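Summary of the model geometry
Single-letter residue listing:
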Amino acid sequence: ELEFAENHIDEIQGTYTVSFEDLSKTEEYKNYTILEASWGTYKDSPTYKKGHIPGALHVDTSSVESEPIWNISDPKVVEKGMLDLGVTKDKTVIIYGNDISAASRVAYAYLWAGIDNVKVLNGGIDAWKKAGYKTETTVEKATPAKDFGTTVPAHPEYLMSIETVQDKLKNDKNFRLVSIRSKEE
């Protein structure tokens, strides 16, 4: 069953992004979990091995979404993927990627799962490099976590069924359906 995000525009406007300037201003970013998102392993990533933000781990988008239509995976699959990366609900997670839609899809799935503080790096690795900040090519190894800290999904209300969307489109004049897919998709 296809599911779509509810329209939480008041939560999205600037709240879930961080600028590379803010991230680089403080050594505190080393305490955050920084993830470079793309499909496949780090070996498949178009950018991770060429240079990533120091300390960044690679996250495979298939740890949160599944074929054939790339909806959010079963909660147990999403939770395992987060735990494998050492991500728990109380971590601050900053996600970027060569493809902003991949980073955004992982961020959305993590919010749905229950992470309290998820942000997408505005401008991604290109803005980071253009500003002259260092990158590294070392493949980072995660320290897995044992307990996520809440039941996944903590926010099931962030997804809607097709039937619910159809009903809202027909009966709720304030409802808007927005797609993040590219024209090619």
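What counts, and where the lines are drawn
Residues numbered from 1 in each chain as written. Predicted model: local features only at pLDDT ≥ 70, side-chain atom pairs only at ≥ 80, totals over all residues. Heavy atoms only, no water. Core = buried A, V, L, I, M, F, W, Y, C linked by side-chain atoms within 4.5 Å. Buried < 20%, exposed > 50% of the residue type's maximum accessible area, 1.4 Å probe, protein only. Helix = DSSP H or I, 4+ residues; strand = E, 2+ residues; numbered from the N terminus. Contact = heavy atoms within 4.5 Å. Pairing = 2+ DSSP bridges.

Time to look at the nonpolar core. Nonpolar side chains in soluble globular proteins tend to end up buried together. By size, the foremost hydrophobic cluster in this structure holds 27 residues, and its most contacted members are Leu35, Met82, Ile95, Tyr110 and Ile115. At the level of elements, β3 (33-38), β4 (57-60), α3 (75-84), β7 (92-96), α4 (100-113) and β8 (117-122) are the ones that each hand at least two residues to this core. Here this core gets eight residues from one element, more than from any other, and that element is α4. Once you skip the residues sitting within four places of it in the chain, isoleucine 115 turns out to touch Met82, Val87, Thr88, Lys89, Lys91, Val93, Tyr110 and Phe148. Ile53, Ala56, Ile94 and Leu121 belong to the second-largest nonpolar core, a separate cluster that totals eight residues.

Each regular strand carries side chains that alternate between the two faces of the sheet. Most of β3 sits out of view: six of its six residues are buried. As judged from the four bridges shared by β3 and β7, these two strands associate in the parallel manner. Note that in β7 the partner of leucine 35 across the bridge is isoleucine 95. Here β3 runs beside β4; their pairing, made up of four bridges, is parallel. Within the sheet, the bridge partner assigned to serine 38 lies in β4 and is aspartate 60.

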